[in-house]
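Next come the chains, spelled out residue by residue.
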Amino acid sequence: MKRFFRRFIEKFIEGIFFLSSSVTTLTVLLIVVFLFREGMGVFNKTPIEEGFAIALNKNNSVKEISSLDMKNIFDQNITNWKTLGGNNDSIILFRIDDISNYFTDEQLGDSLQYVPKCISSLVDSLTGIIAFIPEKYIDKHFAGRKLPMDKISVGKFLSGKEWFPTAQPASQLGVLPLILGTLWVSLMAILIALPLGLATAIYMAEIASEKVRRILKPLIELLAGIPSVVYGFFGLIVIVPLIQKVFDLPVGETGLAGSIVLGIMALPTIITISEDAIRTTPRAMKEASLALGANKWQTIARVIIPYSMSGITAAAILGIGRAIGETMAVLMVTGNAAVIPHTILEPVRTIPATIAAELGEAPQGGLHYEALFALGCILFILTMATNLLVEYISKKRKYNKQ
Amino acid sequence: MKKIKTIALFGTIIISAVAFKLGDINIKIKGSDTVLPLSQKEAEVFMKKNPMAKITVIGGGSGVGIAAFLDGTTDIAMSSRKIKMSEKMKLQDAGKAYKEVVIANDALSIIVNPNNKVSQLTREQLEGIFTGKITNWKDVGGDDEKIIAYSRESSSGTYEFFKEHVLNNKNYGSTVLNMPATGAIVQSISQTKGAIGYIGLAYMEKTVKDVKVSYDKGKTYVEATVPNAQSKTYPITRPLYYYYLTKDAAKVKPLIDFILSADGQKIVGEVGYVPLSK
C-alpha cells in the first residue's frame with residue numbers, strides 16, 4: 001500500500017514536471033509565432049498611413065513617387081515637379097488640415113458634407129498640388145488622380161537608410177542604420193570586455209590565491225546584479241563626458257560610450273564562463289606540462305588556454321548576445337541618432353533602444369507598430385544565431401575530449 | 001415565500017446599485033502623456049474633496065486618448081494637440097457631438113550650453129538647426145563650433161509639437177540625437193559645448209541657458225517665462241485640451257469646473273505647466 005502510494009506520488013510529480021516543461025516550451029513558441037505574425041504584417045502595407053491616399057492633379061505626368069521622394073517633397077527639399085520627371089511646375093503641398101485655408105466653414109457644410117467636393121475642386125484647379133487626404137473622400141466624382149503606392153518590400157526594409165517611422169505622409173522604414181548600430185556597439189563591447197574578462201578569469205583560476213579568489217568572485221557576480229538603468233545613468237554622467245574630453249569630440253553620446261557600458265555589463269558573463277572552462281582543464285595535463293619543465297606562464301599559454309578555447313569562445317559569444325539585446329543602458333548613452341555610423345565615435349541607434357523608445361506611442365496594429373515587431377524579429381534572429389553558434393562550439397568541445 | 005425572498009433580494013440589489021450610481025461620479029480620462037501628470041494631480045485633489053468621486057486616469061498618448069474617445073471607452077480625452085481634421089470627421093460620422101476645453105498651457109524653452117554665446121534665435125534658424133541644414137554655430141552668430149541638436153524620442157508629445165510649430169511640419173534631420181527623458185537632455189546639454197535642445201518650461205535648470213526666440217524673422221525676441229507664455233507673446237506655447245461628449249457634460253462638469261478654478265489652476269503651476277490667464 002505504502003509502495004503504491006509512493007509510486008503514485010512519483011508519477012504525479014513527474015506529471016507536474018512534464019506539464020511545466022511543456023508549458024514553457026509552448027509559451028516560447030507562442031511568443032515567437034506572435035512576434036513573427038505581428039512583424040510580417042509590415043510587408044502587407046504601403047508606407048502611407050492607413051485610410052489615407054495621395055492625390056495629384058489629373059494633368060500631372062508623374063506616375064509614381066518613391067517614399068523617400070515623398071518625404072523630400074513634404075520636407076520641401078523637392079519643390080518642383082521637374083525634379084521627379086514631371087512638368088516644370090512648383091509643388092503645392094496640401095494636408096487635410098489645410099482645408100480651412102482654402103474654404104470657409106459654410107463651404108464645408110455644417111456636418112462637413114461638402115468636404116469631398118471641395119477637395120475635388122481644389123485638386124482640379126491647382127496643377128502643382130500633391131494632396132494627402134483620407135481615402136474615403138476619393139469617390140467616383142473625384143477630379144484628381146490617386147497615386148498608387150508600392151507595398152514595403154523586405155529588401156527595401158532591410159537596406160533602407162532612413163528611419164522616420166512617424167514621418168507624414170510616408171513613413172521611412174529603413175532599418176540598415178539600426179542593424180549596423182547594434183552590431184557596431186556589440187562588437188566593440190566584446191573587443192573591450194574580452195581581453196579584460198579573459199585576464200581576470202585566468203588570474204582567478206590559475207594565479208590568485210584562494211583567499212583573493214573568495215573576495216573577487218562575489219564582487220564580480222555583484223556586477224551582474226546591478227540594474228541596467230543604473231549602468232546607463234553611470235554611463236551618461238561619467239563615461240559620456242570622459243569620452244568627449246579624451247577624444248576631443250563635439251558630442252560624447254557615441255557608440256563607444258555604449259560599448260564601454262555594455263562591455264562592463266558583459267564582463268560577469270565572460271569571466272564566469274571562461275573561468276569555468278579554464279578550471280575544467282584536467283589536472284593531469286597541467287602537471288604533465290609542468291613535469292616537462294614548462295613554467296607557469298608557458299603552461300597557461302600553451303596548455304590551458306588552447307584546451308579551454310571553445311569555452312572561452314562560448315563566453316565571448318554569450319557576452320555578445322547579452323550586449324545585442326541590452327536596452328536601457330544603451331538608450332541613455334548612445335545618442336540614438338538613426339544614421340549609419342562611420343566610426344565608433346559617432347552617435348548610433350540600436351534596435352532594442354528603438355523598440356523601447358517608440359513602442360509606447362505607436363498605435364496598435366498600425367504600420368509603425370508592425371515595423372517595431374519586425375525589428376524584434378531581426379533581433380530575435382541575431383540572438384538565436386549567436387546561441388546556435390554557442391551550441392555548435394560547445395558540441396565541438398565534447399568531440400575534442402573523446 | 002421563496003418568490004418574495006428572490007424579489008426582495010433583487011430589489012435590494014437594484015436599489016443599492018442605483019444609490020451607488022447616484023452618489024458616485026465615475027470618470028475615465030485617457031490620452032496624452034504630457035497631460036497625464038497634471039490630470040493625475042487634479043484628480044487626486046478632486047477625489048480628496050469629493051470622496052464619492054472615482055476618477056481613473058490613463059496615459060497612452062493624445063492619439064490613443066482620442067481613439068478611445070471615439071470608441072466610447074473613455075469619458076474625457078486629454079490631448080496635447082488640437083483634435084485633427086480626420087478625427088473630427090470620424091466623430092462626425094459616428095454622430096457624436098463633443099466639447100473642447102483648454103485646461104492649461106505648456107511652453108517649450110530652447111536651451112543651450114551655458115558657455116554658448118548665442119542668446120537668441122529665430123524660428124527659421126531653429127528649423128535649419130533641427131532639420132540638419134545649419135550645422136555650425138558661426139552661421140547663427142556663435143563660435144566656430146559644431147551644432148549638436150538634441151530632441152526627445154518620437155513617442156513624446158513634445159516631439160510632435162516641436163515638429164509642427166517650429167519645424168513647420170518638416171522632419172527632423174537624421175543626425176539629431178534622441179534622448180529618452182527631459183532629464184537626460186538637460187544633463188547632456190550641460191556637458192556638451194555645442195548642444196541645443198528643447199524642454200518643457202517647468203524643467204528649466206541653472207546648468208543650462210535658455211535662448212530668446214523670434215517668430216517674426218528677428219524683429220522681436222521673447223524670453224521663455226511663465227508671464228510671456230500666459231500672454232501668448234512667447235510663441236512656442238501650446239494649449240492642453242480636454243475633450244468630452246456633449247451628452248456627458250453634466251457628469252464631467254464638476255471636475256472641469258474644479259480644474260478651471262483658482263485652486264485647480266494653482267495645481268497647474270505646481271505640476272509645472274502654465275496656468276490659464278484670468
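Residues numbered from 1 in each chain as written. Chains lettered and ligands numbered in written order. Predicted model: local features only at pLDDT ≥ 70, side-chain atom pairs only at ≥ 80, totals over all residues.

Trainee: Honestly, the overall build of chain A in this entry has me stumped. Any pointers?
Mentor: In terms of helices and strands, chain A carries 16 helices and 6 strands. Taken against the 2.2 N^0.38 rule, which gives 21 Å for 402 residues, the C-alpha radius of gyration of chain A at 30 Å runs more than 25% over that of a compact globule. Based on the C-alpha atoms only, the size of chain A along its principal axes is roughly 95 × 75 × 35 Å. Counting the 402 residues in chain A, one finds 37% classified as buried. Summarising the internal contacts of chain A: among those between residues at least 6 apart in sequence, 72% fall at separations of at least 24. (Helix = DSSP H or I, 4+ residues; strand = E, 2+ residues; numbered from the N terminus. Rg over C-alpha atoms; globule rule 2.2 N^0.38 Å. Buried ≥ 20, exposed ≤ 12 C-beta atoms within 10 Å, placed from the backbone. Contact = placed C-beta atoms within 7 Å.)

Trainee: What am I meant to see in the overall build of chain B here?
Mentor: Assigned secondary structure in chain B consists of 10 helices and 10 strands. For chain B, the residues scored as buried account for 42% of the 278 residues in total.

Trainee: Please explain the domain arrangement of chain A as it appears in this structure.
Mentor: A common way to express how large an interface is: the accessible area buried when the components associate. Residue and element names in this part refer to chain A. Domain annotation for chain A reports domain 1 (2–44), domain 2 (52–150) and domain 3 (176–401). With centres defined by C-alpha atoms, the gap from domain 1 to domain 3 works out at 31 Å. Counting residues at the interface gives 6 residues for domain 1, matched by 8 residues for domain 3. A breakdown of the residues in the side of domain 1 that touches domain 3 according to their chemical character gives 3 nonpolar, 2 polar and 1 charged. (Domains from an automatic or database assignment. Nonpolar A, V, L, I, M, F, W, Y, C, P; charged D, E, K, R; others polar.)

Trainee: Explanation requested: the sheet that holds strand β2 (residues 92–95) of chain A in the structure shown.
Mentor: Across a sheet, paired strands are connected by hydrogen bonds in the backbone, their directions being either parallel or antiparallel. Residue and element names in this part refer to chain A. Taking strand neighbours across the sheet as the criterion, the 4 strands line up as β2-β3-β1-β4 in an open arrangement whose pairing is mixed. Every other strand in the sheet has two partners, leaving β2 and β4 (145–146) as the edge strands with one partner each. Sheet topology note: the β2/strand β3 (residues 129–134) ladder contains 4 bridges and is parallel. Residue pairing in the sheet places isoleucine 92 in a bridge with isoleucine 129 of β3. Strand contacts of helix α5 (residues 115–125): β1 (52–56) and β3, with the helix running at about 165° to β3, the strand carrying the most contacts. (Pairing = 2+ DSSP bridges. Axes fitted to C-alpha atoms, helices over the stretch in contact; angles between N-to-C directions.)

Trainee: Any chance you could explain the interface of chain A and chain B here in plain terms?
Mentor: Facing 35 residues of chain A, the contacting portion of chain B comprises 26 residues. Elements with a contribution of two residues or more to the side of chain A that touches chain B: α9 (228–246), α14 (328–333) and α15 (351–358) of chain A. In terms of residues, the side of chain A that touches chain B owes the most to one element, α9(A), which gives 4 residues.

Trainee: Looking at this structure, I do not really get unusual backbone geometry. What am I missing?
Mentor: For residues that are not glycine, phi is negative in most cases, and the peptide bond is trans in most cases. Phi angles above zero are rare outside glycine, and Gln76(A) is one such case at about 60°. The exposure class of Gln76(A) is partly exposed, given the 13 C-beta atoms found within 10 Å. The residue Lys217(B) is not glycine, and still its phi comes out positive at about 60°. Among the secondary structure elements, Lys217(B) is positioned in the loop between β9 (209–214) and α8 (226–230). By the C-beta count within 10 Å, which is 10 here, Lys217(B) ends up exposed.

Trainee: Looking at this structure, I do not really get the domain arrangement of chain B. What am I missing?
Mentor: Residue and element names in this part refer to chain B. On domain assignment, one finds that chain B holds domain 1 (2–104 + 240–271) and domain 2 (107–237). For domain 1 versus domain 2, the distance between C-alpha centres works out to 34 Å. Facing 6 residues of domain 1, the contacting portion of domain 2 comprises 4 residues.

Trainee: Sorry, what's going on with the environment of Thr272(A) here?
Mentor: Residues and elements named next belong to chain A. Position of threonine 272 among the secondary structure elements: in helix α10 (residues 255–279). Owing to 19 C-beta atoms within 10 Å, threonine 272 belongs among the partly exposed residues under this scheme. Each C-alpha atom, one on threonine 272 and one on threonine 200, is 9.6 Å from the other, the two residues being 72 residues apart in sequence.

Trainee: Honestly, helix α8 (residues 210–225) of chain A in this entry has me stumped. Any pointers?
Mentor: Helical geometry: 3.6 residues make up each α-helical turn, so side chains three or four residues apart lie on a common side. In this model α8(A) runs 23 Å from its N-terminal to its C-terminal C-alpha over 16 residues, within 8% of the 22 Å that 1.5 Å per residue would give. Within α8(A), only 0 of the 16 residues are buried, leaving the element largely exposed. (Expected span 1.5 Å × (residues − 1).)

Trainee: What is the right way to read the environment of Lys219(B) from this model?
Mentor: Residue and element names in this part refer to chain B. Tracing the sequence through the fold places lysine 219 in the loop between β9 and α8. Since 8 C-beta atoms lie within 10 Å of it, lysine 219 is described here as exposed. It is 9.2 Å that separates the C-alpha atoms of lysine 219 and threonine 122, two residues lying 97 residues apart in sequence.

Trainee: Is there a simple way to explain the environment of Val115(A) in this structure?
Mentor: All names here are of chain A. Take valine 115: it is sitting in helix α5. Between the C-alpha atoms of valine 115 and phenylalanine 103, which are 12 residues apart in sequence, the distance is 9.4 Å. Ignoring sequence-local partners within four residues, the contact set of valine 115 consists of Ile99, Leu108 and Tyr137.

Trainee: Help me understand the pairing of strand β6 (residues 148–152) of chain B, please; the structure alone is not making it clear to me.
Mentor: The side chains of a regular strand alternate, residue by residue, between the two faces of the sheet. Residue and element names in this part refer to chain B. Burial of β6 is extensive: 5 of the 5 residues sit out of reach of the surface. Burial along β6 is two-sided: the residues Ile148, Tyr150 and Arg152 and Ala149 and Ser151 are all buried. Of the pairings in the sheet, the one linking β6 to strand β8 (residues 195–200) comprises 2 bridges and is parallel in character. Its bridge partner lying in β8, isoleucine 148 is registered against alanine 195. In this sheet, strand β7 (residues 177–179) lies alongside β6 in parallel orientation, the contact comprising 3 bridges.

Trainee: Teacher, can you tell me more about the confidence of the model for chain B here?
Mentor: Regions with low pLDDT should not have their predicted coordinates read in detail. Residue and element names in this part refer to chain B. Across chain B, the average pLDDT comes to 85, with 90% of residues at 70 or higher. Across chain B, helix α5 (residues 123–130) holds the top mean pLDDT of 94, while helix α1 (residues 2–23) sits lowest at 56. Overall fold confidence for the complex sits at a pTM of 0.79, while the interface term, ipTM, reaches 0.77. (pLDDT = per-residue confidence, 0-100.)

Trainee: I would appreciate a short explanation of the packing of α10(A) against helix α13 (residues 309–325) of chain A in the present structure.
Mentor: Helix-helix packing is described using two parameters, namely the angle between the two axes and the distance between the axes. Residue and element names in this part refer to chain A. In contact at an axis separation of 8 Å, α10 and α13 are set at 155° when each is read in the N-to-C sense. With respect to each other, α10 and α13 are oriented roughly antiparallel. As α10 packs across α13, the resulting crossing turns out to be right-handed. Each of Leu262, Met265, Ala266, Thr269, Ile270, Ile273, Ser274, Asp276 and Ala277 in α10 lies in contact with α13, whose residues at this interface are Gly311, Ile312, Ala314, Ala315, Ala316, Leu318, Gly319, Arg322 and Ala323. (Parallel < 35°, antiparallel > 145°, perpendicular 65-115°, else oblique. Left-handed = near helix turned anticlockwise from the far one by under 90°.)

Trainee: Please clarify how the packing of helix α11 (residues 283–291) of chain A against helix α12 (residues 296–307) of chain A should be interpreted in this entry.
Mentor: Residues and elements named next belong to chain A. Interaxial distance between α11 and α12 falls to 10 Å at its minimum, and their mutual angle equals 160°. Between α11 and α12, the interaxial angle falls into the category roughly antiparallel. The element α11 and its partner α12 pack so that their crossing is right-handed. Where α11 abuts α12, its residues Met285, Lys286, Ser289 and Leu290 lie against Thr299, Val303, Ile304 and Tyr307. For the contact of α11 with α12, the per-class residue count stands at 5 nonpolar, 2 polar and 1 charged.

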